[in-house]
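Topology and contacts: notes
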Amino acid sequence: MGAVFTLSQGKTRFLVAPYEILAILPEKAKFDEQTLERVMHSLEIDGYFELVFSDRKGEKTYCIHMREAGLAFRRQDIQRKRDTVVRLLFAGVCGLLSAVIGLLLKAILS
């Protein structure tokens with residue numbers, strides 16, 4: 001979804017070729033055109049955008065109309081990362097606190 005959001009450049013409707021999306025994706029993801037089509041269809045079902053397959057001068061093209069979830073993707077992604085950091089910090093503080101309490105109890109009971 002990040003690649004589609006980047007290619008949209010803030011537009012709600014745009015045309016994009018599969019090779020443009022594949023060029024943005026990291027190589028380690030190992031996407032091919034068939035995998036990309038399945039992922040795009042899944043994102044459409046999830047409500048990020050409406051997808052129409054088309055031909056532009058004999059070349060396969062996606063006509064994408066972004067929905068609210070797709071337009072809010074970047075904000076949700078930032079919020080999800082922020083939540084993850086807060087949870088990790090909370091877990092670290094709880095672990096540190098339990099270790100300190102354990103050492104205090106050991107010192108008191110010894």
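Rules behind the numbers
- Residues numbered from 1 in each chain as written.
- Predicted model: local features only at pLDDT ≥ 70, side-chain atom pairs only at ≥ 80, totals over all residues.
- Heavy atoms only, no water.
- Pairing = 2+ DSSP bridges.
- Helix = DSSP H or I, 4+ residues; strand = E, 2+ residues; numbered from the N terminus.
- Axes fitted to C-alpha atoms, helices over the stretch in contact; angles between N-to-C directions.
- Salt bridge = Lys/Arg side-chain N within 4 Å of Asp/Glu carboxyl O.
- Buried < 20%, exposed > 50% of the residue type's maximum accessible area, 1.4 Å probe, protein only.

1. Things to note about the sheet that holds strand β2 (residues 49–56)
Pairing is antiparallel in the open sheet, where 3 strands are placed in the order β1-β3-β2. Only two strands of the sheet have a single partner each, and these edge strands are β1 (13–16) and β2. Put simply, the sheet's adjacent strands are angled 25 degrees from each other on average, direction ignored. Looking at chain direction, β2 and strand β3 (residues 59–66) are connected through 8 bridges and run antiparallel.

2. Topic: the pattern of salt bridges
Within the structure shown, the criterion is met by 5 salt bridges. For the salt bridge of Lys60 with Glu33, the shortest nitrogen-to-oxygen distance reads 3.8 Å. Placement of the pair is Lys60 in strand β3 and Glu33 in helix α3 (residues 33–45), with a sequence separation of 27 residues. Of the charged contacts, one joins Asp77 and Lys81 as a salt bridge, the two residues approaching to 3.6 Å between their closest N and O atoms. With Asp77 and Lys81 both in helix α5 (residues 73–109) and 4 residues apart, the pair spans about one turn of that helix. Its relative accessible area of 14% is what places Asp77 among the buried residues. Among the charged side chains, a salt-bridge network with shared partners connects Glu33, Glu37 and Lys60.

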